[in-house]
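Here are the chains, one letter per residue:
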Amino acid sequence: MKTRRLGDLTVSAIGIGCMPMAGVTAGMYGKADAGESVATIHAAIDRGVTFFDTAEVYGPRANEELLGRAIAGRRDGLVIATKFGFRIGEGGISGVDSTPANVRRACEGSLKRLGIETIDLYYQHRVDPSVPIEDTVGAMADLVREGKVRHLGLSEAGAATLRRAAAVHPIAALQSEYSLWERDVEDEILPAARDLGIGFVPYSPLGRGFLTGQIASRADLPEGDYRLNDPRYSAENFAANLSIVDVVKDIAARYGASAAQVALAWLLAQGDDIVPIPGSKRRATMNDSVGAADVTLDADDLARLDAAAPRGKTAGPRYGARMMAMTRL
């Protein structure tokens, strides 16, 4: 497996997003089998994947526990990333919380659930507008000094917040949505990250499954799937967005590759500082995604994809209004 750099951190060129594996309701990406999820992590390690992404809020907490079980005895050489930033009570998630006290509480819990002594990459999951980023990153930096965390990251932060954070402590990575159908980070956020030497970790690099070419209509989604309420999967936007997939599939056929591999290869071609983390819960999809590291698109392919999916032209917003309000702050 090829490697890339996120700041001073070396990781496999493609990581694994563990969110679908455990602790996510059946209304997200369908039910997951814990045994298959663990087997997927083991198979990924065997293929040279070193970068695994989870979060306290996934489950909540069950996702970290599953990853912890899977890496027991296989920790050496792995880069484990997790996230904090939500207020989680008996009634569920009740908002964001990046106070220094919650930073420390969440870290201690994540270390126990993951069964590790140090978190390799610790992200603020969402910016908390009520807490100065300097206070939050300061608390995260304390964890680095204590040896509980190696590197710091932010998720869905705006360019100005990223600069303020980096002034307190080096930031290794920014995780935000980025794919052929979500390119708005190219305007200000990705350039800011590059100015600061911060690596970029795209989540949802396959458009929540849309760019795989496996979903031809809304009828292909199971009842209760949250994507039925996703603006880009809506009846009015679905057909328009399929035009992107048509080009992806055409290029994939030329390479004997899958549509997912082409979508990921396009991301990899955007810069050596980009490390996508496609979500997987089965060995088949993981193996397909990891294979994208061996697909190299030529200039004509990249031009065709850019023309099919120009920045800002995907039909519909990427989230509903409530979720959008929590991004790029």
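Below or above, wherever it landed, is the structure these notes cover. Since we're looking at a predicted model, the values are computed, not measured. (Residues numbered from 1 in each chain as written. Predicted model: local features only at pLDDT ≥ 70, side-chain atom pairs only at ≥ 80, totals over all residues. Heavy atoms only, no water.)

### Looking at the sheet that holds strand E11 (residues 199-203)
The strand order across the open sheet built from seven strands is E3-E4-E5-E8-E9-E10-E11, with neighbouring strands paired in parallel fashion. Every other strand in the sheet has two partners, leaving strand E3 (16-17) and E11 as the edge strands with one partner each. Bridge count for strand E4 (residues 51-53) against strand E5 (residues 79-84) is three bridges, and the pairing is parallel. Across the sheet, phenylalanine 52 pairs through a bridge with isoleucine 80, a residue of E5. Helix H4 (residues 133-145) rests against E5, strand E8 (119-124) and strand E9 (149-155) of the sheet, and its axis sits at about 155° to E9. (Pairing = 2+ DSSP bridges. Helix = DSSP H or I, 4+ residues; strand = E, 2+ residues; numbered from the N terminus. Contact = heavy atoms within 4.5 Å. Axes fitted to C-alpha atoms, helices over the stretch in contact; angles between N-to-C directions.)

### Focus on the pairing of strand E6 (residues 86-89)
Along any regular strand the residues' side chains alternate between the sheet's two faces. Side chains Phe86 and Ile88 of E6 all project onto a buried face; the interleaved residues Arg87 and Gly89 project onto a face where none is buried. In this structure, the hairpin formed by E6 and strand E7 (residues 92-96) is closed by a connection of two residues. (Buried < 20%, exposed > 50% of the residue type's maximum accessible area, 1.4 Å probe, protein only.)

### Quick word on helix H8 (residues 259-268)
Most of H8 is tucked away: ten of the ten residues are buried. All of the buried residues in H8 are Ala259, Ala260, Gln261, Val262, Ala263, Leu264, Ala265, Trp266, Leu267 and Leu268. In this fold, the buried residues of H8 make contact with strand E1 (3-6), E11, helix H7 (235-255), helix H9 (283-290) and helix H10 (299-308).

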